[in-house]
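Each chain, letter by letter, is given below.
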Amino acid sequence: MLGVIACLLLLIYSVTLGELIISVYKWDPEAGDFVTNANAIWVISLIGGIVSAVVIANLAVSDPGETPISQVREMAEAYGKKLLNTIVWLYVIVWLLIGAGAFYVGVIRCPDVCETLNEIGKSWLGILAGAIYAWFGIKKV
């Protein structure tokens, strides 16, 4: 059940942040100031932290370089390890793609259009570094 909730949160996060990324990318300076929806920013900020925590936590408890399914072994036995591997990697890939989009558009392509997207892109890059370290650098004692 928690896996379903995590996937729903990722979906909400991806759609909300994806819309902001596309809006910033397509914004025309002649149209005036870029205005963001305060509720969308709240959703992105709140759920973004949860989604990132799920990614880092799963990568941190897995063996270095292995698919991060150690937290859900019982589910793997019930539903099949291959299905669970697919879901876990899809989750990580969606998180990587939406974060890379936020970084590219908010930090590199349009850094002055939306300060919030700029900060989300910078934060994502730092979280990515933590996720990579968690996956490759932490050894079980």
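Residues numbered from 1 in each chain as written. Predicted model: local features only at pLDDT ≥ 70, side-chain atom pairs only at ≥ 80, totals over all residues. Heavy atoms only, no water.

**Thoughts on the overall build of the protein chain**
Piece 1. Each helix and strand counted, the protein chain has five helices and zero strands in total.
Piece 2. Taken from N to C terminus, the helices and strands of the protein chain fall in the order α-α-α-α-α.
Piece 3. Within the protein chain, the proportion of its 141 residues that are buried is 34%.
Piece 4. Taking as baseline every contact in the protein chain between residues at least 6 positions apart, the subset at least 24 positions apart corresponds to 67%.
Piece 5. As displayed, the protein chain offers around 8600 Å² of accessible surface, 66% of which is attributable to carbon and sulfur atoms. (Helix = DSSP H or I, 4+ residues; strand = E, 2+ residues; numbered from the N terminus. Buried < 20%, exposed > 50% of the residue type's maximum accessible area, 1.4 Å probe, protein only. Contact = heavy atoms within 4.5 Å. Areas by Shrake-Rupley, 256 points an atom, 1.4 Å probe, with all protein chains shown as cover.)

**Thoughts on the environment of Val88**
Piece 1. Along the chain, Val88 falls in helix H4 (residues 81–109).
Piece 2. On the basis of relative accessible area, Val88 is assigned to the buried category, the value being 15%.
Piece 3. On a C-alpha basis, the gap between Val88 and Val55 in space is 9.0 Å, while along the polypeptide they are 33 residues apart.

**A word on the side chain of Asn118**
Piece 1. As for its placement among the helices and strands, Asn118 is situated in helix H5 (residues 115–137).
Piece 2. If we ignore the near neighbours within four places in the chain, the residues touching Asn118 are Gly106, Val107 and Pro111.

**Some thoughts on the packing of aromatic side chains**
Piece 1. Inspection of every chain in the model, using the stated rule, returns two aromatic pairs.
Piece 2. Judged by centre distance (6.4 Å) and plane angle (85°), the ring pair of Trp27 and Phe34 falls under edge-to-face.
Piece 3. By relative accessible area, Trp27 is classed as partly exposed at 24%.
Piece 4. Plain terms: the ring middles of Trp95 and Trp124 are 5.9 Å apart, the flat faces sit at 55° to each other, and that makes the pair tilted. Here the residue Trp95 occupies a position in helix H4, and Trp124 occupies one in helix H5, the gap between them amounting to 29 residues. The burial state of Trp95 is the same as that of Trp124; both residues are buried. (Phe/Tyr/Trp six-rings, centres within 6.5 Å; stacked < 30°, edge-to-face > 60°.)

**Examining the state of the cysteines**
Piece 1. Counted by the stated rule, this structure contains zero disulfides.
Piece 2. With no disulfide partner, Cys114 has as its closest neighbouring cysteine sulfur the one in Cys110, 10.0 Å distant.
Piece 3. Taking the relative accessible area as the measure of exposure, Cys114 reaches 4% and is therefore buried. (Disulfide = S-S within 2.5 Å.)

**Here we look at the nonpolar core**
Piece 1. Core analysis: the biggest nonpolar cluster contains 30 residues, and Leu17, Leu20, Val24 and Leu117 have the highest contact counts within it.
Piece 2. Residue assignment for this core shows that the elements contributing at least two residues are helix H1 (2–26), helix H2 (38–61), H4 and H5.
Piece 3. If we ignore the near neighbours within four places in the chain, the residues touching Val24 are Phe34, Val105, Cys110, Val113, Cys114 and Leu117. (Core = buried A, V, L, I, M, F, W, Y, C linked by side-chain atoms within 4.5 Å.)

**Looking at H2**
Piece 1. Its 24 residues place the ends of H2 35 Å apart at the C-alpha level, agreeing with the 34 Å of an ideal helix rising 1.5 Å per residue.
Piece 2. Along H2, the residues that are buried comprise Ile41, Val43, Ile44, Ile47, Gly48, Val51, Ser52, Val55, Asn58 and Leu59.
Piece 3. A distance of 2.8 Å separates the backbone nitrogen of Asn39 from a side-chain oxygen at the start of H2, and that oxygen is part of Asn37. (Expected span 1.5 Å × (residues − 1). Polar contact = N/O pair within 3.5 Å; in protein donor to acceptor, adjacent residues only side chain to side chain.)

**Notes on the pattern of salt bridges**
Piece 1. Evaluation of the coordinates by the stated rule reveals one salt bridge.
Piece 2. Linking Glu119 and Lys122 is a salt bridge whose minimum nitrogen-to-oxygen distance equals 3.9 Å. Highlighted residues: Glu119 and Lys122, both in helix H5, separated by three residues, approximately one helical turn.
Piece 3. Judged by its relative accessible area of 43%, Lys122 falls in the partly exposed class. (Salt bridge = Lys/Arg side-chain N within 4 Å of Asp/Glu carboxyl O.)

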